[in-house]
Amino acid sequence: MFRQGGSFIAVGVAQLLLDWLAFVVLTAVGVAAAPGNLAGRACGALLGFWLNGRLTFAQAGAARLGWWRFTKFLLVWVPLTAISTLAVTWVASSLGLAHAWLAKPLVEGVLAVVAFFLWRHVVYR
């Protein structure tokens, strides 16, 4: 669990940076917060699925990827993305885009705690 947790954090940081960077760039050029968040999360999710399957949750050096796991991954990712998108768009509409840029890493950090257990017990099991 500790090895997986440490690897999950390292992968999560890379994933978050890609997600956040895509969100900031897209919204800075005029894309609305909701589609910008969806695009950012999709970029981060693809990177995270691959790295977590190859590194974090691999078993005896064998990757834990494949279409069935990707389907389960999507079943977990979609509701988490809906929550993230609602939160980020609420901040953007209530407090402004600059605050949404700052809030996004916090929102994703909270969701990452939930995601770790779901990925571990549902997706990469």
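Residues numbered from 1 in each chain as written. Predicted model: local features only at pLDDT ≥ 70, side-chain atom pairs only at ≥ 80, totals over all residues. Heavy atoms only, no water.

A.B. asks: Whenever I open this one, the overall build of the chain confuses me. Can you help?
C.D. replies: Looking only at helices and strands, one finds 4 helices and 0 strands in the chain. Along the chain, helices (α) and strands (β) appear in the sequence α-α-α-α when read from the amino end. Scaling as 2.2 N^0.38, a compact globule of 125 residues should have a C-alpha radius of gyration of about 14 Å, and the chain matches this with 15 Å. Contacts spanning at least 24 positions in sequence make up 75% of the contacts within the chain whose residues lie at least 6 apart. Surface exposure of the chain reaches about 6,800 Å², of which carbon and sulfur atoms provide 78%. (Helix = DSSP H or I, 4+ residues; strand = E, 2+ residues; numbered from the N terminus. Rg over C-alpha atoms; globule rule 2.2 N^0.38 Å. Contact = heavy atoms within 4.5 Å. Areas by Shrake-Rupley, 256 points an atom, 1.4 Å probe, with all protein chains shown as cover.)

A.B. asks: Any chance you could explain the side chain of Asn37 here in plain terms?
C.D. replies: Considering the arrangement of structural elements, one finds Asn37 in helix α2 (residues 33-56). Exposure remark for Asn37: the relative accessible area of 0% places this residue in the buried category. Among the polar contacts made by the side chain of Asn37, one reaches the side chain of Thr85 at a distance of 2.8 Å. Setting aside anything within four residues of it in sequence, one finds Asn37 in contact with Asp19, Phe23, Thr81, Ser84, Thr85, Val88, Lys104 and Glu108. (Buried < 20%, exposed > 50% of the residue type's maximum accessible area, 1.4 Å probe, protein only. Polar contact = N/O pair within 3.5 Å; in protein donor to acceptor, adjacent residues only side chain to side chain.)

A.B. asks: Can you help me understand the layout of surface pockets in this one?
C.D. replies: Rolled over the atoms, a probe as big as a water molecule pinpoints where empty space is left. Approximately 500 Å³ is the volume found for the largest pocket. Every residue lining the largest pocket is counted, 23 residues in all, and those nearest its centre are Phe8, Gly12, Glu108, Leu111 and Ala112. Residue assignment for the lining of the largest pocket shows that the elements contributing at least two residues are α1 (2-28), α2, α3 (67-95) and α4 (97-123). Per-class residue counts for the lining of the largest pocket are 15 nonpolar, 5 polar and 3 charged. (1 Å grid on protein atoms, 1.4 Å probe; cavity = no way out; pocket = protein on both sides within 12 Å on 5 of 7 lines; lining within 4 Å. Points joined across faces, edges and corners; volume = space filled by probe spheres on them. Nonpolar A, V, L, I, M, F, W, Y, C, P; charged D, E, K, R; others polar.)

A.B. asks: So what exactly am I meant to see when it comes to the packing of aromatic side chains here?
C.D. replies: The geometry of an aromatic ring pair is captured by the separation of the ring centres together with the interplanar angle, meaning the angle of the planes. For the coordinates displayed, the defined rule picks out 4 aromatic pairs. Seen in terms of ring centroids, Phe49 and Phe70 are 5.1 Å apart; in terms of plane orientation they differ by 70°. Their pairing is edge-to-face. Separated by 21 residues along the polypeptide, Phe49 in helix α2 and Phe70 in helix α3 bring together distant segments of the chain. Just as Phe49 is buried, Phe70 falls in that class too. Grouping aromatic residues by their ring pairs yields a cluster made of Phe49, Trp67, Phe70 and Phe73. The residue whose ring lies beneath Lys104 is Phe23, and the NZ or CZ to ring-centre distance is 5.5 Å. (Phe/Tyr/Trp six-rings, centres within 6.5 Å; stacked < 30°, edge-to-face > 60°. Lys NZ or Arg CZ within 6 Å of the ring centre and 35° of its normal.)

A.B. asks: How should I be thinking about α4 in this particular structure?
C.D. replies: Structural remark: α-helix, 3.6 residues per turn; residues separated by three or four positions point the same way. Taking 1.5 Å of rise per residue, the 27 residues of α4 would be expected to cover 39 Å, yet its terminal C-alpha atoms sit only 33 Å apart, more than 12% below that figure. The axis of α4 is deflected most strongly, by about 35°, at Ala103, and proline Pro105 appears within four residues downstream. Those residues of α4 that fall on the buried side of the exposure criterion are Ala100, Ala103, Lys104, Val107, Glu108, Leu111, Ala115, Phe116, Trp119 and Val123. (Expected span 1.5 Å × (residues − 1). Bend = angle between axes of the 7 residues up to and from the residue.)

A.B. asks: Honestly, the environment of Leu74 in this entry has me stumped. Any pointers?
C.D. replies: Mapped onto the fold, Leu74 is located in helix α3. The sequence separation of Leu74 and Ala45 amounts to 29 residues, and the corresponding C-alpha distance is 9.2 Å.

Scope: geometric values only; no functional claims are made or implied.
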